[in-house]
Structure formats: structure tokens, C-alpha cells
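The primary structure of each chain is shown beneath.
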Amino acid sequence: MVLKRHLAFCIPFVILQTISFCFANVYELNKDSLEEFRKGKLLVVIFVDSPTCERCRIQFPYFVAASQAFPSDPEIFFVRVHDTRLVKEWGIAELPALMYYRSGIEEPDFFMVDVTVDDIIDEIARRLHGNFGGLDRFYAVDVTSQNFREVVKTPQQSVLLLTYDKKTTAEVKVMEQAAKIFRNDDAILICKLNVDKQKELRDSEFKSKDVPAVFWYKVGEKQIPKRFGGHISIYMQTTFINEQTGLNRNHDGSLKPISGRLSPYDSLIVENADGVLSGNKDDIGRLASRLMIEKTHLQRHQQEFADYYIFLLEKMRETGSQEIVETQMDDIARKLDEHEDMVQKQEDLLKRKRNILHFFTTLPEESWKFKEARRKKEEKERKRREEEERRKKMEEEEKKAGKGKLPHKKGARTEYTAKATLHRRVHEEL
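What this report covers is the structure whose coordinates are included nearby.

Conventions adopted
- Every chain is numbered independently, its residues counted from 1 as its sequence is written.
- Reporting in this predicted model follows two pLDDT cut-offs: at least 70 for local features of residues, and 80 or more for side-chain atom pairs to be given and counted; totals over whole chains, interfaces and linings ignore these cut-offs and use all residues.
- Where side-chain values are given, they derive from all heavy atoms of the structure, hydrogens and water being excluded.
- The working definition used for a salt bridge is a side-chain nitrogen of Lys or Arg within 4 Å of a carboxyl oxygen of Asp or Glu.
- The helix count covers DSSP runs of H or I at least four residues long, the strand count covers runs of E at least two residues long, and both are numbered beginning at the N terminus.
- The classification of residues rests on relative accessible area computed with a 1.4 Å probe and restricted to protein chains. Under 20% of the type maximum is buried, over 50% is exposed, and intermediate values are partly exposed.
- Between the N-to-C directions of two axes lies an angle of 0 to 180 degrees, each axis being a line fitted to C-alpha atoms and, for a helix, fitted only over the stretch in contact.
- Roughly parallel here means an angle under 35 degrees, roughly antiparallel means over 145, roughly perpendicular means 65 to 115, and every remaining angle is called oblique.
- Here is the rule for handedness: rotate from the far helix to the near one, and if that takes an anticlockwise turn smaller than a right angle the crossing is left-handed, while a clockwise turn gives right-handed.
- Two residues qualify as a contact provided that any one of their heavy atoms is within 4.5 Å of a heavy atom in the partner residue.
- Basically, the charged four are Asp, Glu, Lys and Arg, the nonpolar ten are Ala, Val, Leu, Ile, Met, Phe, Trp, Tyr, Cys and Pro, and anything else, Gly included, counts as polar.
- With a 1 Å grid laid over protein atoms only, a set of points is called a cavity when a 1.4 Å probe fits there but cannot get out and a pocket when it is open yet has protein on both sides within 12 Å along at least five of seven lines; lining residues have an atom within 4 Å of a point.
- Grid points are joined across faces, edges and corners, and a volume is the space filled by probe spheres set on the points.
- Note: two strands are recorded as paired if DSSP finds a minimum of 2 bridges between them.
- Handedness rule for crossovers: strands pointing away from the viewer, path from the first strand over the helix to the second running clockwise, crossover right-handed.
- Pairs of cysteine sulfur atoms within 2.5 Å are what we label disulfides.

A few words on the pattern of salt bridges. For the coordinates displayed, the defined rule picks out 46 salt bridges. The salt bridge involving Arg249 is made with Asp348; its shortest N-O contact spans 2.7 Å. Placement of the pair is Arg249 in the loop between helix H8 (234-245) and helix H9 (263-271) and Asp348 in helix H14 (residues 344-361), with a sequence separation of 99 residues. What makes Asp348 buried here is its relative accessible area of 5%. For Asp331, the salt bridge is made with Arg334, and the minimal N-O distance between the two is 2.4 Å.

So, on to the packing of helix H12 (residues 300-319) against H14. Helices that pack against each other are described as a pair by the angle of their axes relative to one another and the distance between those axes. Remark: H12 packs on H14, axes separated minimally by 11 Å, with the N-to-C direction vectors making an angle of 45°. As judged from the angle between their axes, H12 and H14 are oblique. Judged by the twist between their axes, the crossing of H12 over H14 is right-handed. Together, Glu304, Phe305, Tyr308, Tyr309, Leu312, Leu313 and Met316 of H12 and Leu349, Arg352, Lys353, Ile356, Leu357, Phe359 and Phe360 of H14 make up the contact between the two elements. Residues belonging to the contact of H12 with H14 are distributed by class as follows: 11 nonpolar, no polar and three charged.

All right, on to empty space enclosed by the protein then. Within this structure, the stated rule accounts for two cavities of 30 Å³ or more. Empty space within the second largest cavity amounts to approximately 80 Å³. Every residue along the wall of the second largest cavity is listed here: Tyr62, Thr116, Val117, Tyr139, Ala179, Phe182, Arg183, Ile188, Leu189 and Ile190. Per-element tally for the lining of the second largest cavity: the top contributor is strand E10 (residues 188-194), with three residues. Broken down by class, the residue content of the lining of the second largest cavity amounts to eight nonpolar, one polar and one charged.

Right, let's get into the sheet that holds E10. Here five strands make up an open sheet; going across it, the order is E8-E10-E9-E11-E12 and the pairing mixed. A single partner strand is all that each edge strand has here, and the edge strands are strand E8 (141-142) and strand E12 (226-227). Packed on one face of the sheet, helix H6 (residues 169-181) meets strand E9 (158-164), E10 and strand E11 (213-217) and runs near 160° to E10. Lying over the sheet, H8 contacts E9, E10 and E11, oriented at roughly 10° with respect to E11.

Most of E11 sits out of view: five of its five residues are buried. A two-sided burial pattern is seen for E11, the buried positions comprising Ala213, Phe215 and Tyr217 on one face and Val214 and Trp216 on the other. Pairing analysis gives five bridges linking E9 to E11, with the strands arranged antiparallel. The residue of E11 that forms the bridge with Val159 is Tyr217. Sheet topology note: the E11/E12 ladder contains two bridges and is antiparallel. Its bridge partner being in E12, Phe215 is matched across the sheet by Arg227.

Further remarks concern the pairing of E9. Here E9 lies mainly inside the structure; seven of its seven residues are buried. The side-chain alternation of E9 yields two buried faces, one formed by Ser158, Leu160, Leu162 and Tyr164 and the other by Val159, Leu161 and Thr163. In this sheet, E10 lies alongside E9 in parallel orientation, the contact comprising seven bridges. Considered in E10, the bridge of Tyr164 is made with Asn194. Viewed along the sheet, the connection from E9 through H6 into E10 turns out right-handed.

Before going further, it helps to examine the environment of Asn250. Looking at where Asn250 falls in the secondary structure, it is placed in the loop between H8 and H9. Remark: the alpha-carbon pair of Asn250 and Ile181, spanning 69 residues in sequence, is separated by 8.1 Å. If we ignore the near neighbours within four places in the chain, the residues touching Asn250 are Ile181, Thr238, Leu255 and Lys256.

A separate point is the environment of Phe360. By the element assignment, Phe360 lies in helix H14. For the pair formed by Phe360 and Val276, sequence separation is 84 residues and the distance between their alpha carbons is 9.7 Å. Other than its neighbours up to four places away in sequence, Phe360 contacts Ile269, Tyr309, Leu312, Leu313, Met316, Gln322 and Val325.

Bringing the state of the cysteines into the picture now. Per the counting criterion, the structure on display carries one disulfide. Put simply, Cys53 and Cys56 are joined by a disulfide, and their sulfur atoms are 2.3 Å apart. Between Cys53 and Cys56, the S-S torsion sits near 80°, and that sign places the bridge as right-handed. With respect to burial, Cys53 and Cys56 carry one shared label: buried.

Further remarks concern unusual backbone geometry. Backbone torsion omega between Leu95 and Pro96 reads 0°, so that peptide bond is classified as cis. Positionally, Pro96 belongs in the loop between helix H3 (84-89) and strand E6 (97-102). If you check the backbone angles, His129 has positive phi at about 55° while not being a glycine. With respect to the element layout, His129 can be found in the loop between helix H4 (117-128) and E8. Positive phi outside glycine occurs at Asn248, with the angle close to 55°. As for its placement among the helices and strands, Asn248 is situated in the loop between H8 and H9.

Structure representation (C-alpha cells):
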């Protein structure tokens, strides 16, 4: 199958007296307009959501990103519907859902994939028996005045946004590369804004008119974005995102050994390792309660892993041992080996949980390191106090020894200046 390429544009249209519009490369339709719209089209991919669905708001930008690979394609179209009539008619139990219509087939069917650029495009290729190997995939979402508020301001995920013009191609490539690295992480969305095409949006939303510029929209603090002050390079962008989100990916997109682990949780568990390793139910119960309290301070994407920590501790408290760690390790290893066609998000989730389990297997060693570091710290503090006491004692002895000398007038200051020194030398020479 050969995909034809044209300039990207969207034309509003009226069908059955229902006004619909195009959201970037995604058409907004309802039950009535969809029936007419799909006629004569090879493939219509549909994102089904609800205005009150938080997960829908988070995942929709990735659907938009997938559509960017097919700008004004004459055969493949992307649509979003909110219509509850369709949700009921199609028997959708969970939102968001991906559906599709194919030419010659009257009934829609499900796209059983995650809402990611790769999964959606690969599924389209599978359904159409096409070769999309040479298709350009864009992972950074193009921001416009039509989608800025919904894509950038509304979702409960952090956003890293690049403003650029036709001269800043190198920085656009960096942001696309960063978006590809984190393409399977809902916690971070990477966007780009072409100020040549969206000058009014740039002028209304950003004080700085410099390009290229990168802005950080942190979850809960999106009203006032912070400007990224570092060099725009893949190393700096990846490091910054890891620090801000704790996603911990390498520059090739692979997961670091600490990915999935929560530093505050690790510290608390190491501090209470004796109770955990001995299977003390009271100590483990108190520790699990502390982790529940700490969970309220974590970001949304970290809370699933917080639940896993707590699940493991609860099992340890029930059994009085760490057998659950070995059992879970074997279970994850089996799933990773048996399911070669596993979607990437699920694979990443299992690997991150495996990192947490590995932390528990190293708990005796981590506990020893913690105790040794604490011992050295206490020893250093003891020496500091001894040195402070020795210094005070010497000062007191010096004061006692100096009682026979002429007292220095209280409040008087001895001043040495270049002029006074010169006068003294002249007097001595005379």
C-alpha cells in the first residue's frame, strides 16, 4: 500500500446540520456526523472518550501524535467522539477506547492496543496489510491555538514544550528524540510550537519571544510555566525529565536499574530493615502505614509503584518471611519470557516492578551500608565535638595565662593601615 502525501490542512464541514471541526489531524464528530463521514473512506480510527474521563485527557495527545504521521491522508482518517450513544451501542466498558471502521465493513471493531504512536501505527499497518516501515513517526505533539489548552494545560501530566521557528531545526530534532525516548510514559508529554504559524498563541502565552526556548509545565503548577535554562541537547533534556519525573530512562530509551523505585520508600525501608528481614509483623505493619502516608506526596504515575511496595510489605507481614519477593520475581520472569508480543507499556511496568523486587533482595547489604554510613557519621560527629571541647579548653587556658598583661580597652579596635605603618617606619629610621 502506498501512502500519498499532501500538505496538512483541515477543512470544517457540515453534515446533517451538525457542525464538526478538525482538531489538528483529528476530526471531532458525533454519532450522526460519523455515519456520513466514514462513507467511502478506507480506514477511520476512532478515539472514544468522555469529557469527564481523566485518563482520556492524558492519553488523547498521544492519539494526536499518531495522527501526525498521516497529514491529510486520502485513505486514513483519525476521529474523536464523546457521544454516549456510541459508547452504549458499541458495548464499551472502559474509556478511552480505540475503534475503527474499514471500507466494506459496516460494523466497527476494537483496536486492542495501547494509545501510543507506535502501537496505533503498527495496528493500522496490520489491519491494512501495509508496509509502513518508511513512514515518518512524530512523537512530539504539534501545539496549535485550537489544542493548546486541552493538550498542555488540562492533562494531569507534566509537559515540556519547545517554541521554535523555521531556523531551529536542530532543536526540533532534539525534542523529537526526547519524545521518542519517553514515548511510552504517560507522566511526560513533549510538545512543540511553531511560532511562525502560531504567533498569536506565542504572544499571548509566553513572555519571552526568544526562539528556540523550552518551557516546563509541572503538574499542579501549569498556570506559570518555568523556562528551561540549560542547553537544548538530548543529554540535558533526558537528564532534566528523569530528575523531574523519576522515570529514569537511559538515552537509548531503555530503563535504568532504579526505574520504578521510589527513593523515599527505599530510605524508609532500609532504616527499618531489621524489622523487615526478621519478619516482625508489628514493625512491618507500622512501616506499611508510613508508606501509605508518604503516598499522598507522590506524583500520579508513582502511586502504582507505591501500591506495589505496600503490597509486598503486607504479604511479608502476613507470612513473616520474604517468600513473596521470590514468588513475584519468578512470576515476572515467566511473563516476560512467555509473552513475546507483549505491548511495550506492560513490559516496562513488569521491568519496573522487577527493579523494586531486586531492591528487596539486596536489603541485607543496603542495611549494612546504611548502618556503616551512620556509624561513620556518628564517629565524625564525636570527633568534631571532642575537637570543639579541646579548642574551648585551650581558649580558657590562654585567657587565664593572659591575666597579668595590660588589659585591652573594651570596645577598642586595633587598626593597621598602610599610612600608620609608613609613619612608624619613618619614626624608627629617624
